[in-house]
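An overview of the molecular structure
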Amino acid sequence: MDILNLKSLLITALIFVPIEHFFALRPSQRIFRKAFFNDLIYAVFNGVPITVGLIATVTLATSILGWLVPAFVGAAISSQPVWLQLLEIIVIADIGFYFTHRAFHAIPFLWNFHAVHHSIEELDWLAGHRIHPVDQILTKSASFVPVYLLGFSEESIALFVFIFHAHALLLHANVRLNVGPLRWFIASPQFHHWHHARERAAYDKNFAAQLAFIDVVFGTMHLPGKLVPECYGVDDPIPSHYVEQLAYPLLPKGKINEVPSARDA
Ligand SMILES: [Zn+2]
Ligand SMILES: [Zn+2]
């Protein structure tokens, strides 16, 4: 926890709480909803292990694989206009995100980490912070390692980080936002709310973080008209509190696995 993090969290709240109030998808949902304080702990403390882990994986990967990309390629990439680099980063990073996210759904060991994120039962801007650090480090590494290897400029990467974070908050927010035909290209709150839906037809769909079009290409898009899910969550027995949730994927599942998961069926 640092002061900067608390300050940016406060600014984020000052932006999103009014937006959620005036454009609410579920007007009856309270600001201090169930698990609000648990998700607040994630928002305050989770950034440190994620940043440390991400720096470690990106540094290690780029030092081992750096030889794959000749210096002139990096120089050519970083000399492009920032807006063009940004668009290229979004495409490259989201393809990495998409496949890692799919792996977290498909491989039971990884799903135990990712199920913590899917245990959210009331979605809002704060809920999106509930992500196990291992989940976040691996998924973001898949996005960032190719971007750093290819030599994109620091400026364009910093811009991407800001936009990605703001977009992730919006995707989880309790808002009704109609983006028209763009919903087939860009991830919208409706798109990501369906990813969290506790409905069999929506399981393992809408994996992209920013470009919904990737799900269209790979046949994993689920966007039924203007409908939104009735409820969110998973059947896995995820505990209620931060420390227990961090430990959950690593605990023996002998007893826990006796509780059937709808996703196993
Ligand atoms: Zn997921
Ligand atoms: Zn989510």
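Keep in mind it's a predicted model, so treat the numbers as computed, not measured.

Okay, the overall build of the protein chain next. Helix and strand content of the protein chain: eleven helices and zero strands. When the helices and strands of the protein chain are listed from N to C terminus, the series reads α-α-α-α-α-α-α-α-α-α-α. For a compact globule of 265 residues, the expected C-alpha radius of gyration is about 18 Å, and the protein chain comes in at 19 Å, within 12% of that figure. Reported as C-alpha extents along the three principal axes, the dimensions of the protein chain are approximately 55 × 45 × 45 Å. When burial is assessed residue by residue, the protein chain has 46% of its 265 residues classed as buried. A fraction of 77% describes how many contacts in the protein chain between residues 6 or more apart in sequence connect residues 24 or more apart. Where the 17 positive side-chain charges of the protein chain centre and where its 20 negative ones centre are 6 Å apart.

Moving on, we come to the packing of helix α5 (residues 82–106) against helix α6 (residues 108–118). Any two packed helices are characterised by how steeply their axes cross, that is the angle between the axes, and by the distance between the axes. Look at α5 against α6: their axes get within 6 Å of each other, and the N-to-C directions meet at 105°. Judged by the inter-axis angle, α5 sits roughly perpendicular to α6. In this structure, α5 uses His101, Ala103, Phe104, His105 and Ala106 to contact α6, whose residues at the interface are Pro108, Leu110, Trp111, Phe113, His114 and His118. Residues belonging to the contact of α5 with α6 are distributed by class as follows: seven nonpolar, four polar and no charged.

Attention shifts here to the pattern of salt bridges. Here the structure, examined in full by the defined rule, presents six salt bridges. Asp39 serves as the salt-bridge partner of Arg33, at 3.0 Å between the closest nitrogen and oxygen. In this structure, Asp235 and Arg198 form a salt bridge, with 2.8 Å as the shortest nitrogen-oxygen distance. In this pair, Asp235 is assigned in the loop between α10 (212–217) and α11 (242–247) and Arg198 in the loop between α9 (189–195) and α10, connecting sequence segments 37 residues apart. Sharing partners across several salt bridges, the network here consists of Arg33, Asp39, Asp124 and Arg130.

Here Leu223 shows up in the loop between α10 and α11. Taking the C-alpha atoms as reference points, Leu223 and His195, separated by 28 residues in sequence, lie 9.7 Å from one another. Dropping the residues within four chain positions of it, Leu223 is found in contact with Arg183, Trp184, Gln190, Phe191, Trp194 and Asn206.

Reading the values: the criteria
- Residues numbered from 1 in each chain as written.
- Chains lettered and ligands numbered in written order.
- Predicted model: local features only at pLDDT ≥ 70, side-chain atom pairs only at ≥ 80, totals over all residues.
- Heavy atoms only, no water.
- Helix = DSSP H or I, 4+ residues; strand = E, 2+ residues; numbered from the N terminus.
- Rg over C-alpha atoms; globule rule 2.2 N^0.38 Å.
- Buried < 20%, exposed > 50% of the residue type's maximum accessible area, 1.4 Å probe, protein only.
- Contact = heavy atoms within 4.5 Å.
- Lys, Arg positive; Asp, Glu negative; His and termini not counted.
- Charge placed at Lys NZ, Arg CZ, Asp CG, Glu CD.
- Axes fitted to C-alpha atoms, helices over the stretch in contact; angles between N-to-C directions.
- Parallel < 35°, antiparallel > 145°, perpendicular 65-115°, else oblique.
- Nonpolar A, V, L, I, M, F, W, Y, C, P; charged D, E, K, R; others polar.
- Salt bridge = Lys/Arg side-chain N within 4 Å of Asp/Glu carboxyl O.

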